[in-house]
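Structural overview for review
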Amino acid sequence: MEAGPDEGSVGAASANEASETTPSDTSSGTLTSQQLAAIEDEEVLNKLLDKAVDFDERRMIRAALRDLLKKKREKREKERGSRQDDLRQQALSKAGTGRMGMNRGQTSNHQPKSHMHSQFPASTTSSLSKTTSSMANPAIATAPQSSPVAAAPNMKNVKQMLLDWCRAKTEPYEGVEIHNFSSSWSDGIAFCALVHRFFPDAFEYSILNPNARKDNFELAFSTAERLADCPPLLDVEDLLRMREPDWKCVYTYIQEFYRCLVEKGLVKTKKKL
């Protein structure tokens, strides 16, 4: 179970401190770099990182995570290259067969068809349409319904707490550096990393392309909607038209995603009595 800032403070802006829950110990003592390198389960490494308090130990675990993601990416690229070679050979074989048929004066009505399957499911348009006006004017974008909004100083504290939470959860992911709620999210990779941290079996993070912004946005939002019941408050087309997304819109979406994680018990918060 992941831990983060207080649900009430994130949903409506009451600044309570966050607390991380410690997963059950998988081993006693500090693991060596060789032992960490032998772990091939990304989820196990994530749990060890959540549990670790020593700086050197956290550094070794993060290095092991980066190496594991790199190995997965290289493996997928190798498999993809092998599949492309097979498809190329099949195409050449079919082309040769077709030429032989034409030389014999035979005609064939059967033509191989190629079906393009999108890797990423599209976001639900009905939910997106409800927030188009809010995206056009970020000032009217509203946070999830909860208690009344707190004073400005508390809003600032909660915003920083949520930003720190996002940074902590995406720390092991290559290519993700979160410094704000605007430019750090412009290519969609940060959204994918945050969603993948809680749903690591939903998709393969290591094959994502930072230049495929549309695919990244659609993958992150559709996965969050499907597995966390988080409505796609951000419009993909609007995001593509902007070089950097409006921070208020990104902040509102992350608030909603966090609230959905809390409701599903994936994030535990410390509440005041």
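Above this text you will find the structure in question.
We now turn to the structure provided with this report. Computed from a predicted model, the values in this text were never measured in an experiment.

Thresholds applied
Residues numbered from 1 in each chain as written. Predicted model: local features only at pLDDT ≥ 70, side-chain atom pairs only at ≥ 80, totals over all residues. Heavy atoms only, no water. Core = buried A, V, L, I, M, F, W, Y, C linked by side-chain atoms within 4.5 Å. Buried < 20%, exposed > 50% of the residue type's maximum accessible area, 1.4 Å probe, protein only. Helix = DSSP H or I, 4+ residues; strand = E, 2+ residues; numbered from the N terminus. Axes fitted to C-alpha atoms, helices over the stretch in contact; angles between N-to-C directions. Parallel < 35°, antiparallel > 145°, perpendicular 65-115°, else oblique. Left-handed = near helix turned anticlockwise from the far one by under 90°. Contact = heavy atoms within 4.5 Å. Nonpolar A, V, L, I, M, F, W, Y, C, P; charged D, E, K, R; others polar. Phe/Tyr/Trp six-rings, centres within 6.5 Å; stacked < 30°, edge-to-face > 60°. Salt bridge = Lys/Arg side-chain N within 4 Å of Asp/Glu carboxyl O.

It is worth spelling out the nonpolar core at this point. Core analysis: the largest hydrophobic core is formed by 44 residues, its most contacted members being Trp165, Phe181, Trp185, Phe191, Phe221, Ile254 and Phe257. For this core, the elements supplying multiple residues, two or more each, are α7 (152–170), α8 (189–198), α9 (213–228), α10 (236–241) and α11 (247–263). The element best represented in this core is α11, accounting for 10 residues.

To continue, consider the packing of α9 against α11. At a minimum axis separation of 10 Å, α9 and α11 run at an interaxial angle of 30 degrees. Classified by the interaxial angle, the pair formed by α9 and α11 is roughly parallel. Helix-helix and strand crossings are classified by hand; for α9 and α11 the assignment is left-handed. Of the residues in α11, those touching α9 at Ala220, Phe221, Ala224 and Ala228 are Tyr253, Phe257, Cys260 and Leu261. Split into classes, the residues belonging to the contact of α9 with α11 amount to eight nonpolar, no polar and no charged.

One pass over the full model with this rule turns up 13 aromatic pairs. For the pair Trp185 and Phe191, a centre-to-centre distance of 4.8 Å together with 55 degrees between the ring planes defines the contact as tilted. By relative accessible area, which is 0% here, Trp185 ends up buried. Judged by its relative accessible area of 2%, Phe191 falls in the buried class. Summarising the aromatic geometry, the rings of Phe221 and Tyr253 are spaced 5.0 Å apart at their centres and angled 55 degrees between planes, so their arrangement reads as tilted. With Phe221 in helix α9 and Tyr253 in helix α11, this pair connects stretches of sequence that are 32 residues apart. With a relative accessible area of 0%, Phe221 lands in the buried category. Here Tyr253 falls in the buried class, since its relative accessible area comes to 2%. One aromatic cluster is present, built from ring pairs that chain together Phe181, Trp185, Phe191, Phe217, Phe221, Trp247, Tyr251 and Tyr253.

Bringing the packing of α8 against α11 into the picture now. The contact between α8 and α11 brings their axes to 12 Å, and the two run at 5 degrees. Accordingly, the angle class assigned to the pair α8 and α11 is roughly parallel. Contacts from Phe191, Leu194, Val195 and Phe198 of α8 reach α11 at Val250, Tyr253, Ile254, Phe257 and Leu261. Here the residues of the contact of α8 with α11 are counted per class, giving nine nonpolar, no polar and no charged.

A few words now on the pattern of salt bridges. Going through the model one piece at a time under the given rule, you end up with 12 salt bridges. When the shortest N-O distance is used, the salt bridge between Arg197 and Asp50 registers 2.8 Å. With Arg197 in helix α8 and Asp50 in helix α3 (residues 42–51), this residue pair connects regions lying 147 residues apart in the sequence. The pair Arg197 / Asp50 is uniform in exposure class, with both members buried. Through salt bridges with shared partners, a single network forms among Arg58, Arg62 and Glu171.

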